[in-house]
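If you want the building blocks of each chain, they are given just below.
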Amino acid sequence: MHTTKKGWLAFGASVAAAAMLYTPLVLLPASAAQNLMPNPGFSQVDADGKPVCWQDYGWGENRSDYGLTAEKALRLTMSERTSGDRKVMPAQNTDCAPQVAAGTQYDLSLTYRTSTPNTAITLFKHTAEKGWEYWTDLSTLAVTGEDKQFRVRTPAIPAGVDQLSWGVTAYGDGEAVTRDYSMTAVLADPPRKRCQAGQACPKGQWDVLPYQSPVRGIHAVLLHTGKVLLIAGSGNDPSAFERGSFTSAVYDPAAGTFTSVPTPSDLFCSGHTQLADGRILVMGGNAGYPTEDGKANYKGLAVSYIFDPATNSYQRTNDLTAGHWYPSATTLGNGDVISLGGLDEKSEGSVSVEYFSQEKGRWLAGNEINQTWKFWGLYPSMILTAEGKLFYTGSHVFGNGLDGTGSSLYDYGSGTIRDVEGLQDKDNRDQSMSVLLPPAQDQRVLTLGGGNINTNVAANRHTDIIDLKEKNPRHKPGPQLPQGHMTDGTPQGHGEGKMYLSAVILPDGQVFETGGGLHNRSDPVFEASMFDPKTNTFTEGMATDPVPRGYHSSAFLLPDGRVLAVGNNPGDGSFDQRISVYSPSYLYKGTRSKITSVASKNWTYGSAQQITVDRPVAKAVLIRPAAVTHSSDPNQRSVDLPMAVDGDRLTLTVTANQNMAPPGWYMLFAVDADGVPSVAEWVRVGDA
Amino acid sequence: MRRHRLAALAALALAVVPLLLVLVPLLPAQDEHAEASVERPLVTATTVPAPPTTRYTSPPRPKTPVLLPGGYDGCDHAYGERVQCVPWTFPPGTANGCDWLRQHGFGPLTVRGHDRHGLDTNGDGTACGRGDR
Ligand SMILES: [Cu+2]
C-alpha cells in the first residue's frame, strides 16, 4: 500500500509510468480502490442515448451539446461561444453524485482527448446547509489528438461537504472526448488493525467520535466536573459576529452530550484560566474583525466573565483596564491571575498588565497594578515558576517573537523583566507549544516547534529545554521534533517540523505531542510522539489523529487518562468540528489500579493526605485540568506527591510551595510500576 | 469476614514491599525533585503574599502606541469571503498563487481591496477565476 502511494505521487511527473501503476492497485482492499463514479463506463444509457446518472450544466451564449460516441466515450462539443461554459458530470442529486467524507482527499482520473485548451476539471460540492455549489477548478487539459490519461488529487474535502460531483468543463470552441472516469479515496494510512483491550498497543489508538461538536472548539477548558467547556464566541466567522451569534457548550465526554451555554460577548480568542474554586475566569475577546481594505485589524474586548460549572453560565465581572484579543492568563500561587498581551480596543498592541485579585473578586484598577507597559505579543506563554515569577517561554502567536532574546523572566512584584538566553530561532516560534515538564518540581520547560504565519516559512523541528532551577537559566537545544507525513502520505521534507501542535502531560510522566501543520493555516502534518523528560528523548511513531489538527485546534488530558482533540480552522474558512480521542498505550496493559478512597477532597499546602488504592502503585501525581487554546496552556502542570506506603494506604505529601501547585482543582492519578494510571479523582488544593 | 480482609491486606503488603524495594531506587526523585532539592530559600516558602494592597507608582504609560502591520493575522482579507484566509505571504517556493489556492480548497475569489498578489490577471474583479492564469 505504501509503495503504491509513493508510486501515485511519482505519477504526476510521468504520464507514461501511469499504466504500470494500476497493477499494484489490484492488491488493495476493494474499499480502497473502489471507483466512486456512477455508471463510469457509460454502459447504462437512457432513452435519449445519454448516459444514466450524468448530466450537463452550463451557462452563457454558446452552442454546445454532449452525447456518447460509438466507443461509449463522452463527447462534449462547443461552438460559437461568446460567453459561458458547458460541463458534464454526475447528476447533482443524492443518488448519482459520489458521497465523500470531510477531510479525505480523492484521486480523480479519466482518459481524454481535446481540440481546445479551454477545458478544465471542475468540482462541485454539496453541503446540507447550502446545497450544491461550485467548488473549484483543479486543472486544465492540454490539447491532444491522442487519448491521454489525466489524474489529479483533490484537496481535503472541507468540513460539512457530503457529496462531490466533477467532470470536464469546456469554455472554448472545440471538442473534448472523455472516458474511464474514476474517483477513489486516498487512504493516508493503510487500514490498521484496531488495538484490542488486554493486547499490547505500543502506539496507542485514536478514535474519531461518531458525533461532532455543535460549537467550534477554539477554546477548551476541562471542568472539575469532568465536563469540558468549549468556547467559540463568533468562532472566527465574521457573519456570526455581525449577527451577534456567540456560542459555547459544555461537553460531557462520558455521556457524549452537549449543553449549550448562553454566551454574552464574543469570547473568540479570549484568555482563560482555572480559579481556585474551580470556576473559570475568561477575559478579553474579539471586538471587531479586520476590514477588507486591510486598514483595520482585529480589536480586543475589555470584558471579563466567570464561568460557573455549577450553573453552566457566565457571570460578568468588572472590566479589564484595556481591551485584549489573544491575552495570556496565568493563575498565581495565591490564586490571583495575571493576564498580558493581545490587541487592544484600537487594534494596537495591548500593553496593560491585568491583575485579578482572588480576595477582592475583581480585576484591579489601573492604579492598583504594577504596570510595566510592555507589549508581550499575542498569547504569550507565561509559566509560573517556583519562585512566583512568570517565565515567558518564547511561545506566542502571530509572526515574530519579541525583541531581545525572545524569552524572559518577569517579576510582577518588582516590575522587572530579564531576558533569558538560548531560545533557538525566536522569530519562528509562532504557535509553538511550551510545557512545564513533569514533575513540576523539576522546573524544566520544553518548547516545541513553531513557524511564522507572516513569512510563511515551513514550521521547524526545534525543541528547547530550560532548567529554571539553575542560577542563570538558559534554553538548551533539545532533540529535533520527529517528522511525519502530509495529507497525501508524502513524508515531510528536510528540516520540516510543525506549528499549531499540542503537548499534553500524561499521568505516567510522559508528554504526548500531537497534531500541527507546516504552513499558515495549511498543510496539516500527521505525526505524534512521546517525549520522556527523564531521558530528553522522543519515542517516534505514535498513532496519529486521523483528523487534521492545525490552527484553532487543541488537545488535552481527560480524567480517564485519554487525550481529547478538537478544532481545525484552515485558510479556506472551514472548521472541523469532529472530536477525536487518543488512548495511550497504558490503557492496553491490563487492569488499571483504582483509587478506592480519598480521605479529604480539600488539600492544604504541606499537608499529608490519605488515600487507598486497590493494588500496588508506584507514584501519585496531581495534574491541573486544561484551559487551552492556540497551543497555549501555560498553567498545565503535573505535581509529584511524595508518598509513604502502608499496604493499600498511601500517605501523600502535598507540596508546601503554592507556586508549585497554584490553588484549584486537580486530577489525582495513582500510577503503577508499568506506568498504568488509575482514573483520576478530583481534589481541591488550596487554603483550608 | 474481618480475618479475610486482614489476610488480603497482608498479601497486598507482601506484594508491595518487594515492589517498593525495587522502586525506591528508581523513584528517589520524589524528594530530590521536591522543594528540598532546590537550595534557594525562596522556594521553601509555604505561602505566597496576599494580593497587593498598596498602590503602585507605575512609570507613565508610553505615548507611542504599539502599531501592528497589515496582514498581522497572516491573511490578506482583500480576497474572497471574510472567513477565508488567503495567505499574506505564500509559502516560499510557491510558483503560482492560484494553483496553490486551488490545491488548498479555494475557488475563485472576489477581489475586495488591493490585489497585492496579482491574482486577478484579467482584471475582472475575480482572482483565480477562469481567465486568470
Ligand atoms: Cu485565533
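This one's a predicted model, so the numbers in the text were calculated from it and none came from an experiment.

1. Observations concerning the overall build of chain A
Then, in step 1: Looking only at helices and strands, one finds four helices and 52 strands in chain A.
Then, in step 2: The C-alpha atoms of chain A give 28 Å as radius of gyration, which agrees with the globular expectation for 688 residues (26 Å, within 12%).
Then, in step 3: Once the C-alpha set of chain A is aligned to its principal axes, its extents read approximately 90 × 60 × 45 Å.
Then, in step 4: Within chain A, contacts between residues at least 6 apart in sequence are counted, and of these 61% link residues at least 24 apart.
Then, in step 5: Separation of charge centres in chain A, based on 57 positive and 70 negative side chains, amounts to 3 Å.

2. Here's the deal with the packing of aromatic side chains
The relative placement of two aromatic rings is captured by the distance of their centres and the angle of their planes.
Residues and elements named next belong to chain A.
Then, in step 1: Applying the stated criterion to the full structure yields 33 aromatic pairs over all chains.
Then, in step 2: Judged by centre distance (6.1 Å) and plane angle (65°), the rings of Phe268 and Trp325 are edge-to-face. With Phe268 in the loop between strand E15 (257-262) and strand E16 (271-274) and Trp325 in the loop between strand E21 (313-316) and strand E22 (330-331), this residue pair connects regions lying 57 residues apart in the sequence. Taken as a pair, Phe268 and Trp325 share a single burial class, namely buried.

3. What about unusual backbone geometry?
Residues and elements named next belong to chain A.
Then, in step 1: With an omega of -5°, the peptide bond between Pro438 and Pro439 qualifies as cis.
Then, in step 2: Topologically, Pro439 is positioned in the loop between strand E30 (433-436) and strand E31 (444-448).
Then, in step 3: Of note, the phi angle at Cys269 is positive, near 65°, even though the residue is not glycine.
Then, in step 4: Among the structural elements, Cys269 can be located in the loop between E15 and E16.
Then, in step 5: On the basis of relative accessible area, Cys269 is assigned to the buried category, the value being 0%.

4. Considerations on the domain arrangement of chain A
Then, in step 1: When the domains of chain A are assigned, the result is domain 1 (2-185), domain 2 (219-378) and domain 3 (595-686).
Then, in step 2: The gap between the C-alpha centroids of domain 1 of chain A and domain 2 of chain A is 47 Å.

5. Considerations on the interface of chain B and chain A
Then, in step 1: Counting from both sides, the interface comprises 67 residues of chain B and, opposite them, 88 residues of chain A.
Then, in step 2: Around 6500 Å² of area is buried between chain B and chain A when both sides are counted, 55% of it from carbon and sulfur atoms.
Then, in step 3: Looking at the side of chain B facing chain A, the largest losses of area belong to Tyr72, Arg82 and Arg130 of chain B, adding up to 13% of the total buried there.
Then, in step 4: Linking chain B with chain A are three salt bridges.

6. Quick notes on the side chain of Thr154 of chain A
Residue and element names in this part refer to chain A.
Then, in step 1: With respect to the helices, strands and loops of the structure, Thr154 is situated in the loop between strand E8 (144-153) and strand E9 (161-170).
Then, in step 2: For Thr154, a relative accessible area of 0% corresponds to the buried category.
Then, in step 3: Once residues lying within four places of it in the same chain are set aside, the contact partners of Thr154 are Gln105, Tyr106, Leu108, Leu123, Leu138 and Leu164.

7. Focus: the sheet that holds strand E41 (residues 563-566) of chain A
Residue and element names in this part refer to chain A.
Then, in step 1: Strands sit in the order E11-E42-E41-E40 across an open sheet of four strands; the sheet is antiparallel. Of all strands in the sheet, those bounded by a partner on one side alone are strand E11 (205-212) and strand E40 (554-557). The sheet shows a mean angle of 25° between the axes of neighbouring strands, taken without regard to direction.
Then, in step 2: The sheet contact formed by E40 and E41 spans four bridges and is antiparallel. Across the sheet, Leu557 pairs through a bridge with Val563, a residue of E41.

8. Re the pairing of E31 of chain A
Consecutive side chains of a regular strand alternate in pointing toward one face of the sheet and then the other.
Residue and element names in this part refer to chain A.
Then, in step 1: Here E31 lies mainly inside the structure; five of its five residues are buried.
Then, in step 2: The alternating pattern of E31 places Arg444, Leu446 and Leu448 on one face and Val445 and Thr447 on the opposite face, and all of these are buried.
Then, in step 3: Summarising the sheet, E30 and E31 pair through four bridges and their orientation is antiparallel. Paired with Ser434 across the strands is Thr447, a residue of E31.
Then, in step 4: Pairing of E31 with strand E32 (residues 463-467), which is carried by five bridges, proceeds in the antiparallel orientation. Each bridged residue has a counterpart across the sheet, and for Val445 the counterpart in E32 is Ile466.

The rules behind each value
- In this convention, every chain numbers its residues from 1, walking through the sequence in written order.
- Starting at A for chains and at 1 for ligands, labels are handed out in the order in which the entities are written.
- A pLDDT threshold of at least 70 governs which residues receive local features in this predicted model, and a stricter bar of 80 or more applies before side-chain atom pairs are shown or counted, although totals over entire chains, interfaces and linings include all residues.
- Each side-chain value is derived from all of the structure's non-hydrogen atoms; neither hydrogens nor water enter the calculation.
- Note on conventions: DSSP H or I runs of at least 4 residues are helices, E runs of at least 2 residues are strands, and numbering of each starts at the N terminus.
- Throughout, radius of gyration means the C-alpha value; the globule benchmark is 2.2 Å times the number of residues raised to the power 0.38.
- Contacts are residue-level and defined by heavy atoms, with any inter-residue pair within 4.5 Å sufficient.
- For this count, His and the chain ends are skipped, Lys and Arg are scored as positive, and Asp and Glu as negative.
- The atom standing in for a charge is NZ when the residue is Lys, CZ when it is Arg, CG when it is Asp and CD when it is Glu.
- Centre distance within 6.5 Å is the pairing criterion for rings of Phe, Tyr and Trp, where only the six-membered ring of Trp is used; planes under 30 degrees apart are then read as stacked, over 60 as edge-to-face, and the remainder as tilted.
- Three labels apply to residues, based on accessible area from a 1.4 Å probe with only protein chains included: buried if under 20% of the type maximum, exposed if over 50%, partly exposed otherwise in between.
- All the domain ranges listed were derived from an automatic or database domain assignment.
- Buried area adds together the accessible area that both of two parts lose upon being put together, with accessible area traced by a 1.4 Å probe.
- Here a salt bridge means any side-chain nitrogen of Lys or Arg lying within 4 Å of a carboxyl oxygen belonging to Asp or Glu.
- Two strands form a pair only when DSSP identifies at least two bridges running between them.
- Axis angles are defined between N-to-C directions and span 0 to 180 degrees, where every axis is a line fitted to C-alpha atoms and, for a helix, only to the segment in contact.

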